[in-house]
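Structural overview
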Amino acid sequence: MDDIPSISSGDVGSRFVSQAELDIAKQRREEQWKAAYARLGQEPPPAPAEDVFDGRSLAEVCPQHHTHKHASLTMQLRRNLRRI
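Enumeration over the complete set of coordinates arrives at one salt bridge. With a closest N to O distance of 2.7 Å, Asp 54 and Arg 56 form a salt bridge. Under the relative-accessibility criterion, Asp 54 is labelled partly exposed at 38%.

For the rest of this paragraph, the subject is a positive patch on the surface. On the surface, Arg 78, Arg 79, Arg 82 and Arg 83 cluster together into a positively charged patch. Secondary-structure assignment places Arg 79 in helix H3 (residues 58-83). For Arg 79, a relative accessible area of 43% translates into the label partly exposed.

All right, on to helix H2 (residues 19-40) then. An ideal rise of 1.5 Å per residue puts 32 Å on 22 residues; H2 measures up with 32 Å between its terminal C-alpha atoms. Within two residues after H2, Gly 41 carries a phi angle of roughly 80 degrees, on the positive side.

Rules used throughout
- Residues numbered from 1 in each chain as written.
- Predicted model: local features only at pLDDT ≥ 70, side-chain atom pairs only at ≥ 80, totals over all residues.
- Heavy atoms only, no water.
- Salt bridge = Lys/Arg side-chain N within 4 Å of Asp/Glu carboxyl O.
- Buried < 20%, exposed > 50% of the residue type's maximum accessible area, 1.4 Å probe, protein only.
- Patch = residues over 30% accessible without salt bridge, like charges linked within 9 Å, V, L, I, M, F, W, Y side chains within 5 Å.
- Areas by Shrake-Rupley, 256 points an atom, 1.4 Å probe, with all protein chains shown as cover.
- Lys, Arg positive; Asp, Glu negative; His and termini not counted.
- Charge placed at Lys NZ, Arg CZ, Asp CG, Glu CD.
- Helix = DSSP H or I, 4+ residues; strand = E, 2+ residues; numbered from the N terminus.
- Expected span 1.5 Å × (residues − 1).

Treat this as a map of the structure, not an account of what it does.
Here it is as structure tokens:
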């Protein structure tokens, strides 16, 4: 039993990052961003909105995208046919 390597040690464990480390890195980037604009004497632009996690599976997302794209193409076709 002692021969089984731990996930937290070695190559695999070193690739995982905790949420606290992510938050610290994000805060550091924001501070660097603001400091860079302060050196230029400008106001930094508003921060972009963060991506929201969509927990749906690919099987649920793809049909919705297909339906939306099909409706969009149908409307474009109708507009083009009216012009003729």
